[in-house]
Amino acid sequence: MDDAIEKSAMRKIYLRLLPFAIFSYFLAYIDRINVSFAALTMRGDLDISAAAYGFALGTFYWGYFIFEVPSNIVMEKVGARLWIARIMITWGGLAGLTAMVTGSTSFGIVRFFLGVAEAGFFPGIVLYFTYWFPTCHHARIVSGFLIGLPIAVAAGAPISTALLGLDGLFGLKGWQVMYIAEGVPTVLLGFVTFFVLTDRPAQAKFLTEQEKTWLSEKLASERSAKEAVKKFSVMQGMFDAKVLLLALNYFGIVVASLGILFFVPQMIKALGVTDNMTVGWLTMIPYISGGIGLVGWGLLSDRMNERRWNLLAACVVSTIGLIIAGMTIGSWWAIVGLSIATFGFYGSKGPFWSMPPMFLTGTAAAASIAWINSLGNLGGFFGPWYVGVIKDWTGSYAGGLYGLAFLCVMSAVVCALFLDIPNPAAVRRQQLATSQAD
């Protein structure tokens, strides 16, 4: 009976939440990474160097870092429906405002406030899933949600480059048209979010009473098992050794993945591809590979009910791909290396984001998930800036790719040596058996 109720409830929740989550993250990443395509003409129009461009676009992650934890704590208090709607409306508005920048300084300022506006969206959605999904579903639901990321890069590539081709429309540059056209849908979806999202399962009209009861009891049981091992305060959670090690692991992967993300179109153009639309189509290739890794590795991790060693394997694959790309930069084989690297980058996300909810609950989970993401996403500043500096210094992207590969090695070492997070239910059973034996 419980199996039938579980299947019915999970099917309804997946169908209700997953399409919204995918589409919203698709828009989030379109608005975050369209600068990589804008750079094909924007840098020349505004006379911005590769290093200044990398620095300015990276300021997004400082705004993100500063405001992410407060944002997630607010969401825990006021509810996802209101807070995620607010996030989407403000970030969509600022994404469109990027069309008004006049140089590297104004570009950096707008990017910083875009990070402030978007802060809390990703960890907020990850936290929101913990209100609806038992632990055994975490890797696949996070992977399913994050499929919006490689889709945004793959589909966003031809969309963004096509919009670049509308140069002169309404007297605007092509990159200005692109920023405005891609910001408006996010604002509209923000208003829809307020009316569509449901804060908690108990409020869900699309679930039967039996399904609500089963889900509430299942989630309460898992929460009790975690809190019986240890219940964290907000500060204890944020500065727990496992949380900081997770952040370090994530930092290495994010520096590497975002270090190449914003420069892939320019790497492809350096191969001698002169048509921006063709650059957009070719940019899809690595991120189609990333989407396959994301979904496939999330399903594998859930079926194995194992996180740590799947995460380690993804870090190793990322390293190998970046080394191949560095060795073959300037040739078409570099796209193969980048495709292997993105397979590992995105394959790591399902196992990784299933690990914090294994030992964190409540407001501590809200703060710590945001803290991990904000510390890790500082890599979004350092990665593009580092690759831009190395490119200006050496005239090649190869040195930057090797440096990013080293950071993936660091993430792999952290995972292999330190990220041992026991299953809380197993720990609780062991504690009970020990107390009974005594």
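Residues numbered from 1 in each chain as written. Predicted model: local features only at pLDDT ≥ 70, side-chain atom pairs only at ≥ 80, totals over all residues. Heavy atoms only, no water.

Caption draft 1: Main features of a nonpolar patch on the surface. Residues Val78, Leu82, Val192, Phe194, Phe195 and Val196 make up a contiguous nonpolar surface patch of about 530 Å² in total accessible area. Broken down by element, the nonpolar patch gets its largest block of residues, four residues, from helix H8 (residues 174-196). (Patch = residues over 30% accessible without salt bridge, like charges linked within 9 Å, V, L, I, M, F, W, Y side chains within 5 Å. Areas by Shrake-Rupley, 256 points an atom, 1.4 Å probe, with all protein chains shown as cover. Salt bridge = Lys/Arg side-chain N within 4 Å of Asp/Glu carboxyl O. Helix = DSSP H or I, 4+ residues; strand = E, 2+ residues; numbered from the N terminus.)

Caption draft 2: Helix H14 (residues 308-327), seen in detail. Given a rise of 1.5 Å per residue, 20 residues ought to cover 28 Å, and the 29 Å separating the end C-alpha atoms of H14 matches this to within 8%. Turning to H14, its buried residues number three or more, namely Arg308, Asn310, Leu311, Leu312, Ala314, Cys315, Ser318, Thr319, Gly321, Leu322, Ala325 and Gly326. Looking at the buried side of H14, the elements it contacts are helix H11 (241-261), helix H13 (276-304), helix H15 (333-347), helix H16 (349-353) and helix H19 (398-418). (Expected span 1.5 Å × (residues − 1). Buried < 20%, exposed > 50% of the residue type's maximum accessible area, 1.4 Å probe, protein only. Contact = heavy atoms within 4.5 Å.)

Caption draft 3: Up close: the packing of aromatic side chains. Inspection of every chain in the model, using the stated rule, returns 27 aromatic pairs. Where Trp91 meets Phe121, the ring centres are 5.1 Å apart and the plane angle is 70°; that geometry is what we call edge-to-face. Linking Trp91 in helix H3 (residues 80-97) with Phe121 in helix H5 (residues 121-130), this pair joins segments that are 30 residues apart in sequence. With a centroid separation of 5.7 Å and 80° between ring planes, the pair formed by Phe129 and Phe133 is classed as edge-to-face. One exposure class covers both Phe129 and Phe133, and it is buried. One aromatic cluster is present, built from ring pairs that chain together Tyr14, Tyr25, Trp91, Phe121, Phe122, Phe129, Phe133, Phe145, Tyr250, Phe352 and Trp353. Its end group placed over the ring of Trp83, Arg86 keeps NZ or CZ at 4.4 Å from the ring centre. (Phe/Tyr/Trp six-rings, centres within 6.5 Å; stacked < 30°, edge-to-face > 60°. Lys NZ or Arg CZ within 6 Å of the ring centre and 35° of its normal.)

Caption draft 4: Representation of the confidence of the model for the chain in the model. When pLDDT is averaged along the chain, the result is 84, and 95% of the positions lie at 70 or above. By mean pLDDT, helix H20 (residues 424-437) is the weakest element of the chain at 54, and H14 is the strongest at 94. (pLDDT = per-residue confidence, 0-100.)

Caption draft 5: The packing of H13 against H15, seen in detail. Across the interface, H13 lies against H15 with an axial gap of 7 Å and an inter-helix angle of 30°. Accordingly, the angle class assigned to the pair H13 and H15 is roughly parallel. Relative to H15, H13 is oriented so that their crossing is right-handed. Seen from H13, the contacting residues are Ile285, Pro286, Tyr287, Ser289, Gly290, Ile292, Gly293, Leu294 and Trp297; seen from H15, they are Ile335, Leu338, Ser339, Thr342, Phe343, Gly344, Tyr346 and Gly347. When the residues that make up the contact of H13 with H15 are grouped by side-chain class, the tally is ten nonpolar, seven polar and no charged. (Axes fitted to C-alpha atoms, helices over the stretch in contact; angles between N-to-C directions. Parallel < 35°, antiparallel > 145°, perpendicular 65-115°, else oblique. Left-handed = near helix turned anticlockwise from the far one by under 90°. Nonpolar A, V, L, I, M, F, W, Y, C, P; charged D, E, K, R; others polar.)

Caption draft 6: Up close: the nonpolar core. Core analysis: the largest hydrophobic core is formed by 137 residues, its most contacted members being Phe121, Phe145, Leu322 and Trp353. Apart from residues no more than four positions distant in its own chain, Phe145 is found in contact with Leu18, Ala21, Ile22, Tyr25, Phe121, Phe122, Ile125 and Phe129. (Core = buried A, V, L, I, M, F, W, Y, C linked by side-chain atoms within 4.5 Å.)

Caption draft 7: The arrangement of the state of the cysteines in detail. Under the definition given, this model contains zero disulfides. Here Cys315 stays unpaired: no disulfide links it, and the sulfur of Cys415, its closest cysteine neighbor, is 5.8 Å away. Owing to a relative accessible area of 0%, Cys315 belongs among the buried residues under this scheme. In this model Cys408 remains outside any disulfide bridge; the closest cysteine sulfur is found in Cys315, 6.8 Å from its own. For Cys408, a relative accessible area of 0% puts it in the buried group. (Disulfide = S-S within 2.5 Å.)

Caption draft 8: Up close: the pattern of salt bridges. On inspection of all chains with the given rule, the structure shows four salt bridges. Linking Glu211 and Lys12 is a salt bridge whose minimum nitrogen-to-oxygen distance equals 3.0 Å. In this pair, Glu211 is assigned in helix H9 (residues 209-229) and Lys12 in helix H1 (residues 2-46), connecting sequence segments 199 residues apart. A residue is classified by how much of its surface remains accessible, and Lys12, at 27% relative accessible area, is partly exposed.

Caption draft 9: Quick look at the environment of Thr208. You can see Thr208 is positioned in the loop between H8 and H9. Assessed through its relative accessible area of 36%, Thr208 is described here as partly exposed. Along the primary structure Thr208 and Leu219 are separated by eleven residues, whereas in three dimensions their C-alpha atoms are 17 Å apart.

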